[in-house]
Every structure is written in C-alpha cells, then in structure tokens.
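Chains, contacts and geometry: an overview
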Amino acid sequence: MVTAHTTLNDEAQAYEIAQGAVEARMAAAADVEARMTLFHRSGDALRHERGYRVTFTTTAERVADLEVWVHDRHPSDLPPWIVLPAAGTTQAYLAWAVRETARRES
C-alpha cells in the first residue's frame, strides 16, 4: 500500500479530484487537507499561493493508474505528485485498501 499526494490551488477542484478518485476506485480513500500556503519558484520569481493537499490511499498496483487519472484532471501542466510507501500498515487496513481499489468487471 502507498499514499500519494498532490496539491491544488482551488478547494472545489481538490474535493472533485479526491471524491472522483474514490468513486473510480483508483483510491480507497482521499483526504483533502485544510488550506495551506505553498511556496515555489516560477522562473526566477519566488511565488506563494493558497493550496490544498490531497492525500490518496491506494495500492502499489493501482498507483500508476491513479497518477494518470489525477494528471488528466489536474489544472497544472506539471502537477505535484509524490508517492510514499505506507510502512507499518495493519493487514486489515491493507486488505480493505486492496478490496476498495480492485478493478470491477463491467
């Protein structure tokens, strides 16, 4: 199991992507964190803006599909994308995540 993170500047878009990823079974869960300030460079200028982090709980098997899915919907040309292993996860939580992200037959 892994967690994957992205950030968006628009709260409504963050909610849409979080909810859509769970509905599409790309993620077992998605959390939208409270508004924060993001700092980054744009060319030579240092920028800061408001943003929302979306954290997805998914499996190693689904994370590549989730990345494509999120990037297709993200408003940025270069969406932030960080994937971390979920160490120390209980077997029950892992089984739940696998079940929730399993591909469904049509």
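Parameters and conventions
Residues numbered from 1 in each chain as written. Predicted model: local features only at pLDDT ≥ 70, side-chain atom pairs only at ≥ 80, totals over all residues. Heavy atoms only, no water. Axes fitted to C-alpha atoms, helices over the stretch in contact; angles between N-to-C directions. Helix = DSSP H or I, 4+ residues; strand = E, 2+ residues; numbered from the N terminus. Left-handed = near helix turned anticlockwise from the far one by under 90°. Contact = heavy atoms within 4.5 Å. Nonpolar A, V, L, I, M, F, W, Y, C, P; charged D, E, K, R; others polar. Core = buried A, V, L, I, M, F, W, Y, C linked by side-chain atoms within 4.5 Å. Buried < 20%, exposed > 50% of the residue type's maximum accessible area, 1.4 Å probe, protein only. Arc of directions from axis to C-beta. Phe/Tyr/Trp six-rings, centres within 6.5 Å; stacked < 30°, edge-to-face > 60°. Salt bridge = Lys/Arg side-chain N within 4 Å of Asp/Glu carboxyl O.

Focus: the packing of helix α1 (residues 11-23) against helix α2 (residues 63-73)
How two helices sit against one another is set out by the angle between their axes and by the gap between those axes. With their axes 11 Å apart at the nearest point, α1 and α2 run at an angle of 145° to one another. Crossing angle aside, the handedness with which α1 passes α2 is right-handed. Counted together, Ile17, Gly20 and Ala21 of α1 and Leu66, Trp69, Val70 and Arg73 of α2 form the full contact between these two elements. Residues belonging to the contact of α1 with α2 are distributed by class as follows: five nonpolar, one polar and one charged.

As for the nonpolar core
Here is a general trend for soluble globular proteins: nonpolar side chains tend to be buried in one another's company. Of all hydrophobic cores here, the largest spans 17 residues; its most connected members are Ala21, Phe56, Leu66, Val70 and Trp81. Elements supplying a minimum of two residues to this core: β1 (2-8), α1, β4 (45-58) and α2.

Some remarks on α2
Since the α-helix advances by 3.6 residues per turn, residues separated by three or four positions end up pointing in the same direction. For α2, the set of buried residues is Val63, Leu66, Trp69 and Val70. Burial along α2 is one-sided: seen end-on, the buried residues are contained in an arc of 120°. Check the buried side of α2 and you find it contacts β1, α1, β4 and β5 (82-85).

A few points about the packing of aromatic side chains
Inspection of the entire model under this criterion finds two aromatic pairs. Taking 6.1 Å as the distance between ring centres and 45° as the angle between the ring planes, the aromatic pair formed by Phe56 and Trp81 counts as tilted. You can see Phe56 sitting in strand β4 and its partner Trp81 sitting in the loop between α2 and β5, a full 25 residues away along the chain. Residue Trp81 is classed as buried on the basis of its relative accessible area, which comes to 18%.

What to know about the pattern of salt bridges
Applying the stated criterion across every chain yields a total of five salt bridges. For Arg25, the salt bridge goes to Glu100, with nearest N and O atoms at 3.2 Å. One end of the pair, Arg25, is in the loop between α1 and β2 (29-32); the other, Glu100, is in helix α3 (residues 91-101), and 75 residues separate them in sequence. According to the relative accessible area criterion, Glu100 is partly exposed, its value standing at 25%. For Asp65, the salt bridge goes to Arg103, with nearest N and O atoms at 2.1 Å.

Describing the environment of Ala97
Tracing the sequence through the fold places Ala97 in helix α3. Here Ala97 falls in the buried class, since its relative accessible area comes to 0%. With ten residues separating them along the chain, Ala97 and Ala87 place their C-alpha atoms 14 Å apart. Setting aside residues no more than four positions away along its own chain, Ala97 makes contact with Met1, Ala28 and Thr59.

Spatial relationships are all this shows, so hold off on functional conclusions.
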